[in-house]
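Chains, contacts and geometry: an overview
Letter by letter, the chains look like this.
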Amino acid sequence: MISGAHMILYSTDAEADRAFFRDVLKFPAVDAGHGWLIFALPPAEIACHPAEEYGRHEIYLMCDDAAATVRELKDRHIECEPVMELAWGLLTHVKLPGGGRLGLYQPKHPVAAGRKSDLPA
């Protein structure tokens, strides 16, 4: 029924952020026309959290080793906030060239991406 997911990051400098995903993260992309790049993502997952009001969404990239990933990003001159240890994982935020922030974390919880459901059918 569902064949994929499409996420949109709004940016005040979309070209710079596209270059970040293309050149720094090395995400494969297709040109949808006129240089409008759409990037392939690694396996993904979605979680639903309770909230007081609807309309807030967050996007996080996941990694296997937060410290190593932050070092690699810093070697590429990408700013990362200090890594925080939380109950569910090691979290940092990456500063995007367009001025936004993107969450990056090393999960401590079971990861659904790329796995079959362990819930009863």
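The sections below set out a description of the structure shown in this document. Model, not experiment: these values are computed from the prediction.

Inspection of the secondary structure puts Leu96 in the loop between strand 5 (89-95) and strand 6 (101-107). By relative accessible area, Leu96 is classed as buried at 6%. Along the primary structure Leu96 and Ala47 are separated by 49 residues, whereas in three dimensions their C-alpha atoms are 23 Å apart. The contact partners of Leu96, leaving out residues within four places of it in the chain, are Leu9, Asp17, Phe20, Phe21 and Leu102.

This next bit is on the nonpolar core. Among the nonpolar cores identified, the biggest contains 17 residues, and Phe20, Phe21, Leu73, Ile78, Val94 and Leu104 are the most heavily contacted of them. Mapped onto this core, the elements with two or more residues apiece are helix 1 (14-24), strand 2 (37-39), helix 2 (66-75) and strand 6. When neighbours within four sequence positions are excluded, Val94 is seen to be in contact with Phe20, Leu73, Ile78, Glu79, Cys80, Gly100, Arg101, Leu102 and Leu104.

Further remarks concern the packing of aromatic side chains. Across all of its chains, the model carries six aromatic pairs by this definition. Between Phe21 and Phe27 the ring centres are 5.8 Å apart and the planes differ by 45°, which places this aromatic pair in the tilted class. Judged by relative accessible area, Phe27 falls into the buried class, the value being 13%. Ring plane angle 40° and centroid distance 5.7 Å describe the contact between Phe21 and Phe39, whose orientation is recorded as tilted. On the criterion of sequence distance, the pair formed by Phe21 in helix 1 and Phe39 in strand 2 is long-range, its members being 18 residues apart. Here the two residues Phe21 and Phe39 agree in accessibility, since each one is buried. Pairwise contacts between aromatic rings join Phe20, Phe21, Phe27 and Phe39 into one cluster. Here the basic side chain of Arg18 rests over the ring of Trp36, its NZ or CZ set 4.5 Å away from the ring centre.

Moving on: the sheet that holds strand 5. Judged by pairing direction, the sheet is mixed, and its four strands sit side by side in the order 3-6-5-4 without closing on themselves. In the strand order of this sheet, the two ends are held by strand 3 (60-62) and strand 4 (84-86), each with one partner. Adjacent strand axes in the sheet meet at a mean angle of 35° when their direction is disregarded. Pairing of strand 5 with strand 6, which is carried by seven bridges, proceeds in the antiparallel orientation. Note that in strand 6 the partner of Leu91 across the bridge is Tyr105.

Bringing the pattern of salt bridges into the picture now. Applying the stated criterion to the full structure yields five salt bridges. In this structure, Arg18 and Glu15 form a salt bridge, with 3.3 Å as the shortest nitrogen-oxygen distance. Here Glu15 and Arg18 lie together in helix 1, a separation of three residues that amounts to about one turn. Judged by its relative accessible area of 47%, Glu15 is partly exposed. Between Glu81 and Arg101 there is a salt bridge; the shortest N-O distance is 2.8 Å. Of this pair, Glu81 sits in the loop between helix 2 and strand 4 while Arg101 sits in strand 6, and the two are 20 residues apart along the sequence. Among the residues examined, Glu81 registers a relative accessible area of 32% and is labelled partly exposed.

Reading the values: rules and limits
- Residues numbered from 1 in each chain as written.
- Predicted model: local features only at pLDDT ≥ 70, side-chain atom pairs only at ≥ 80, totals over all residues.
- Heavy atoms only, no water.
- Helix = DSSP H or I, 4+ residues; strand = E, 2+ residues; numbered from the N terminus.
- Buried < 20%, exposed > 50% of the residue type's maximum accessible area, 1.4 Å probe, protein only.
- Contact = heavy atoms within 4.5 Å.
- Core = buried A, V, L, I, M, F, W, Y, C linked by side-chain atoms within 4.5 Å.
- Phe/Tyr/Trp six-rings, centres within 6.5 Å; stacked < 30°, edge-to-face > 60°.
- Lys NZ or Arg CZ within 6 Å of the ring centre and 35° of its normal.
- Pairing = 2+ DSSP bridges.
- Axes fitted to C-alpha atoms, helices over the stretch in contact; angles between N-to-C directions.
- Salt bridge = Lys/Arg side-chain N within 4 Å of Asp/Glu carboxyl O.

Spatial relationships are all this shows, so hold off on functional conclusions.
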